[in-house]
Amino acid sequence: MSGLHTENLTKRFGDLVAVEDVSLTVEAGELLCLLGPSGCGKSTTLRMLAGLETPTEGEVYINDTEVTDQPPYKQDSSMVFQEWALFPHKSVIENVAFGLKMQGMDKKARREKAREMLEVMEMGEFGDASPTDLSGGQQQRVALARSLATESPVLLLDEPLSNLDKRLKEQMQIEIKEIHSQFQRTTIHVTHDQDEAFTIGDKIGIMNDGRLVQVGPPREVYNNPKNKFVEEFLGETNFIKGSVEQVVSDGVVVSTGIGEPIRIPLQNRSITEGDRIHVSIRPEILSLEPATAETNTVRADGSHNFTATGTVTNLLYRGSTVRYYVDVGDTSMFVEKTVGDSSIDEGSTVELQWQATGLLCFDRSGDKIKVQS
Ligand SMILES: Nc1ncnc2c1ncn2[C@@H]1O[C@H](COP(=O)(O)OP(=O)(O)OP(=O)(O)O)[C@@H](O)[C@H]1O
Ligand SMILES: [Mg+2]
C-alpha cells in the first residue's frame, strides 16, 4: 500500500505553472525528502497534499483513498511549517493538544496525549510555558510534538529546520530521523539543503521548475543523476565542456579545455563526432599532488588514468577540509582535501589525477549519457 501518492498533480496561478504533472509515490511509513531550488514548487505541492490549495489538475491519494477534494480539516495529514505557527497566547501543552481538540478528543485524554508527545520531544518540563519564552529549537520541537500528537498517517514538513542554527539543525535532523523510525509515519520533508535530505531521507525527490525530475534512494540518485540539473544541484562538481573528436569501439575520445583528449567509455551509440558534451569530474575522484618534473605535462594514457598539471590559485578552509582551486589552462577546477594533509600552497604547481570510469557525462540538452562499467 502506498502511504501517499499523487497523479499528474498540477497547479497554475494564472499563467504561472507552479507545479506541473507531478506523479509521486511515498510508500507507507517512508520518509521522502523533497528537494529543489527556491520557487520550484515544493511548498505548493505540499499545500495541495494538505488540502490547503486546490489542484488545477490531478489527484491526491492517502492510503490509496482519493482525498483531492477534501477540505484540510477532513484530510488525514498534519503539516509543520517553516515558521512554526504556534499560538502565542496558548501554553505549550494547549498548543500540542490543539489538533486533538479539533478531532473531538476529551480534555483529559488530549492533555495526557500531549504530555506524552512533549516527553518524546524532551520538552516535558515546558508544558505550562508560553511558546514566546522558548528558543527557536524548542518551538520547533513543540510544533513537531503537535503534528505527531494527532496520529494522522501523513506528516508534511515544510522546511521545518531552516530557521535553526547549524548545530541545532544537525541535532534536529537526527531527532527527526529517530522519531520517524519510532512512529513510522508516511512523511514528506521539504528542504533545499542537500545534506539534510541525504541525512534523513529514505528517498529523495528532486524538483525543478514545477516538475519532479528524479526520485530514488539518496545514494542511487547521487551515483546516477538523471541529468545535468540533478548533478549540479546535488553536489558541487567540476563541469568541463568537451567536444567528441572520435568515436571508437569502446567509447569516445573527447577534447576538453584541460589538455590532451580523454578517452571515455560511453555506451550511447547516438553520440557522433563533433557533438558537444559536458563532463562532470567530482572533487572526490580527483587526487592532488605536488607536481614532479616528469609529470609536468598534460597527457592521457591508455589505461584511462588522466593527469593534468595546474597552478593553485586559491585555498579555502571549510572546517575540517580545505578546498584547492587549481587553474589548468583556461579551466578552473577544485579539489577537497583534509586539513593538515598536505603542504601545498597558493602558487604551487600541482598534478591532478583521475580515472575516466568516475566521470559523468551529459549531452547538450543535459541528459545523462551512460558510461560503460
Ligand atoms: N498563491 C500564489 N499565487 C501566485 N503564485 C504563487 C502562489 N504560491 C506560489 N506561487 C508561485 O509558485 C511558484 C512555486 O512556489 P513555491 O512556494 O511552491 O516554491 P518553493 O519551492 O516552496 O520555494 P522556496 O524554496 O522558496 O520555499 C513560485 O513561482 C511562486 O511565486
Ligand atoms: Mg517553500
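Each chain has its residues counted from 1, following the order in which its sequence is written. Key to labels: chains lettered from A, ligands numbered from 1, both in the order written. Given that the model is predicted, a residue must reach a pLDDT of at least 70 before its local features are reported, and side-chain atom pairs must reach 80 or more before they are shown or counted; all residues, however, enter totals for whole chains, interfaces and linings. As a rule here, side-chain values come from all non-hydrogen atoms in the structure, and water together with hydrogens is ignored.

An unreviewed UniProt entry lists the protein under the name Molybdate/tungstate import ATP-binding protein WtpC, from Natrinema halophilum. UniProt, in its Catalytic activity (unreviewed entry) section for the protein, records the words "tungstate(in) + ATP + H2O = tungstate(out) + ADP + phosphate + H(+)". UniProt positions are given in the numbering used here, feature names are shortened, and annotations may be inferred rather than shown by experiment.

So, about the domain arrangement of the protein. When cut into domains, the protein gives domain 1 (2-226) and domain 2 (236-369). Throughout the structure description, domain borders are defined by an automatic or database domain assignment. Of note, the centres of domain 1 and domain 2, computed from C-alpha atoms alone, are 40 Å apart. Residues count as neighbours in contact if any of their non-hydrogen atoms are within 4.5 Å of one another. Contact residues are listed per partner, giving 5 residues for domain 1 and 6 residues for domain 2. Two parts placed together each lose some accessible area under a 1.4 Å probe, and adding up what both lose gives the buried area. Here domain 1 packs against domain 2, burying approximately 420 Å² in sum over the two surfaces, 38% of which is carbon and sulfur. When a carboxyl oxygen of Asp or Glu is within 4 Å of a side-chain nitrogen of Lys or Arg, the pair counts as a salt bridge. Our count for the contact surface shared by domain 1 and domain 2 stands at 0 salt bridges. In protein, a polar contact means a hydrogen-donor-capable atom and an acceptor-capable atom, both N or O and within 3.5 Å, with residues adjacent in sequence counting only if both atoms are side-chain atoms; elsewhere, any N or O pair within 3.5 Å suffices. Inspection of the domain 1/domain 2 interface yields 4 residue pairs in polar contact (both at pLDDT 80 or more). The residue inventory of the side of domain 1 that touches domain 2, partitioned by class, reads 2 nonpolar, 2 polar and 1 charged. Under the convention adopted here, Pro, Cys and the residues Ala, Val, Leu, Ile, Met, Phe, Trp and Tyr are nonpolar, Asp, Glu, Lys and Arg are charged, and Gly plus all remaining residues are polar.

Proximity is defined per residue: if any heavy atom of the residue lies within 4 Å of a molecule or strand, that residue is considered near it. Around ligand 1, the structure places 13 residues, and the nearest of them are Ser38, Gly39, Lys42, Ser43 and Thr44. Between an oxygen atom of ligand 1 and a side-chain N or O atom of Ser43, the distance comes to 2.8 Å. Contact between ligand 1 and His192: an oxygen atom at 3.3 Å from a side-chain N or O atom of the residue. Computed by Shrake-Rupley with a 1.4 Å probe, the accessible areas treat only the displayed protein chains as cover when residues are assessed. About the coverage of ligand 1: the protein hides 60% of its 640 Å² of free accessible area.

For residues besides glycine, phi is generally negative; the peptide bonds are generally trans as well. Of note in this structure, Asn63 is not a glycine but carries a positive phi near 45°. Topologically, Asn63 is positioned in the loop between strand S4 (57-62) and strand S5 (65-66). For Glu122, which is not glycine, the phi torsion reads 55° and is therefore positive. Only DSSP runs of H or I reaching four residues or more are called helices, and only runs of E reaching two or more are called strands; each is numbered from the N terminus. Along the polypeptide, Glu122 turns up in the loop between helix H3 (107-120) and helix H4 (136-149).

The strand order across the open sheet formed by 4 strands is S2-S1-S4-S5, and the pairing between neighbours is antiparallel. Looking along the sheet, the strands with just one partner apiece sit at the ends: strand S2 (16-27) and S5. The strands that helix H1 (residues 42-50) touches are strand S1 (2-13), S2 and S4; relative to S1, the one it contacts most, it runs at about 120°. In this analysis, strands are considered paired if DSSP registers two or more bridges between them. Angular values range over 0 to 180 degrees, each being the angle between N-to-C directions of two axes fitted as lines to C-alpha atoms, with helices fitted over their stretch in contact.

Moving on, we get to the pairing of strand S3 (residues 31-35). Throughout, exposure labels follow a simple rule: accessible area from a 1.4 Å probe, protein chains only, divided by the maximum for the residue type, with under 20% read as buried, over 50% as exposed, and the rest as partly exposed. Taken across its 5 residues, S3 has 5 buried, putting it largely inside the fold. Residues Leu31, Cys33 and Leu35 line one face of S3 and the alternating positions Leu32 and Leu34 line the opposite face, and both faces are buried. Two strands pair when backbone bridges link them, and S3 and strand S8 (residues 186-191) are joined in this way by 5 bridges, in the parallel orientation. Within the sheet, the bridge partner assigned to Leu31 lies in S8 and is Thr187. As paired elements, S3 and strand S9 (residues 203-208) share 4 bridges and run parallel to each other. Residue Leu32 lies in a different strand from S9, and its bridge partner there is Lys203.

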